[in-house]
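An overview of the molecular structure
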Amino acid sequence: MKSDKKGKLIVFSAPSGAGKTTLVHWLMNEIPGLVFSVSATSRKMRPGEVNGKDYYFLTADEFKEKIKNNEFVEWEEVYENQFYGTLASEVERLRNEGKNVVFDVDVMGGMNIKKMYGDDALSIFIMPPSVEELERRLRNRNTETDESIKKRIGKAKYEMQFAGKFDKIVVNDDLEEAKKEIKNIVEEFLNK
Ligand code: ADP
Ligand code: 5GP
């Protein structure tokens with residue numbers, strides 16, 4: 001359905017393990033009319049993930065082909081040989097339907113989307129209470145190898161330096177508090 005009014009963009013970024021997926025899934029159920037921008041990735045599917053819902057899962061070659069054809073608004077090699085990107089077709093389709101689009105992207109991707117869309121976008125950085133707690137959450141989640149956890153922690157320390165570039169920072173210490181905070185921030189932005 002076409003709409004006269006284009007949808008807004010709500011961008012969440014965080015170091016891996018900070019609780020972004022948990023918060024974004026909750027918010028999508030809490031505020032009616034939000035839609036999720038499904039990214040493409042070349043990483044392997046995790047148990048429980050669904051192609052086309054969590055991500056469009058591509059091979060590295062398929063991903064590179066789309067880079068060549070300029071099909072991404074932004075893309076990053078988030079981890080070595082693991083590409084992630086936002087498809088322009090996905091964003092435009094949803095926005096043209098007047099839908100407010102939620103993004104779950106890495107820190108560089110979040111800053112790029114904000115730069116591109118300016119006041120149409122709200123960028124939120126989900127901050128872990130500490131690096132130690134981040135590591136504990138990643139270990140408890142049981143989805144990463146030791147090596148992958150080390151990589152993610154190293155990257156997290158780097159990424160946390162960019163928090164100040166985001167419109168809002170939400171510290172995810174107490175989960176219920178963080179939920180309330182993001183709901184308030186997003187509702188305020190949508191009602192502007
Ligand atoms: P991300 O998407 O940022 O990588 P997840 O949402 O997968 O992070 O959260 C990482 C792990 O931490 C998950 O096991 C999740 O259940 C847990 N978690 C999320 N928020 C909190 C919180 N406030 N306190 C304790 N554990 C949390
Ligand atoms: P995961 O492998 O845990 O699903 O995601 C790893 C990281 O890639 C997360 O920080 C996630 O937000 C990021 N990511 C997911 N999709 C995109 C995207 O389209 N672009 C960018 N730049 N990062 C993404």
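Above this text sits the structure in question.
This write-up is about the structure you can find in this document.

Here is what the cut-offs are and how they apply
Residues numbered from 1 in each chain as written. Chains lettered and ligands numbered in written order. Predicted model: local features only at pLDDT ≥ 70, side-chain atom pairs only at ≥ 80, totals over all residues. Heavy atoms only, no water. Near = heavy atom within 4 Å. Polar contact = N/O pair within 3.5 Å; in protein donor to acceptor, adjacent residues only side chain to side chain. Areas by Shrake-Rupley, 256 points an atom, 1.4 Å probe, with all protein chains shown as cover. Helix = DSSP H or I, 4+ residues; strand = E, 2+ residues; numbered from the N terminus. Nonpolar A, V, L, I, M, F, W, Y, C, P; charged D, E, K, R; others polar. Pairing = 2+ DSSP bridges. Axes fitted to C-alpha atoms, helices over the stretch in contact; angles between N-to-C directions. Contact = heavy atoms within 4.5 Å. 1 Å grid on protein atoms, 1.4 Å probe; cavity = no way out; pocket = protein on both sides within 12 Å on 5 of 7 lines; lining within 4 Å. Sits in = over half its atoms within 2 Å of the grid points.

The environment of ligand 2 is made up of 17 residues, and the closest members are Lys20, Arg43, Tyr55, Tyr84 and Asp104. A distance of 2.7 Å separates a nitrogen atom of ligand 2 from a polar side-chain atom of Glu74. At 3.3 Å, a side-chain N or O of Thr86 approaches an oxygen atom of ligand 2. For ligand 2, whose unbound accessible area comes to 510 Å², protein coverage reaches 94%. Mapped by element, the contributors of at least two residues to the shell around ligand 2 are strand 5 (72-79) and strand 6 (82-87). Among the elements that make up the shell around ligand 2, the one with the highest residue count is strand 5 (four residues). By residue class, the composition of the shell around ligand 2 is five nonpolar, four polar and eight charged.

Pairing is mixed in the open sheet, where four strands are placed in the order 4-3-6-5. Lying at the two open borders of the sheet, with one neighbouring strand each, are strand 4 (55-57) and strand 5. Strand-to-strand twist in this sheet, taken as the mean axis angle between neighbours without regard to direction, amounts to 25 degrees. Relative to strand 4, strand 3 (residues 39-41) is paired through three bridges, and the arrangement is parallel. For Thr41, the partnering residue across the bridge sits in strand 4 and is Phe57. Across the sheet, helix 3 (residues 88-96) is in contact with strand 4, strand 5 and strand 6; its angle to strand 6 comes to roughly 30 degrees.

Attention now goes to the site of ligand 1. Taken together, 13 residues form the shell around ligand 1, and within it Gly17, Lys20, Thr21, Thr22 and Arg141 come nearest. In the model, an oxygen atom of ligand 1 is placed 2.8 Å from a nitrogen or oxygen of the Lys20 main chain. One of the side-chain nitrogen or oxygen atoms of Arg141 is found 2.8 Å away from an oxygen atom of ligand 1. Notes on ligand 1: free accessible area 570 Å², of which the protein chains cover 76%. Spatially, ligand 1 is embedded in the largest pocket. For the shell around ligand 1, the elements supplying multiple residues, two or more each, are helix 1 (20-30) and helix 5 (131-141). Ranked by the residues each element gives to the shell around ligand 1, the list is headed by helix 1, at three residues. Each residue belonging to the shell around ligand 1 can be placed in one class, and the counts come to three nonpolar, six polar and four charged.

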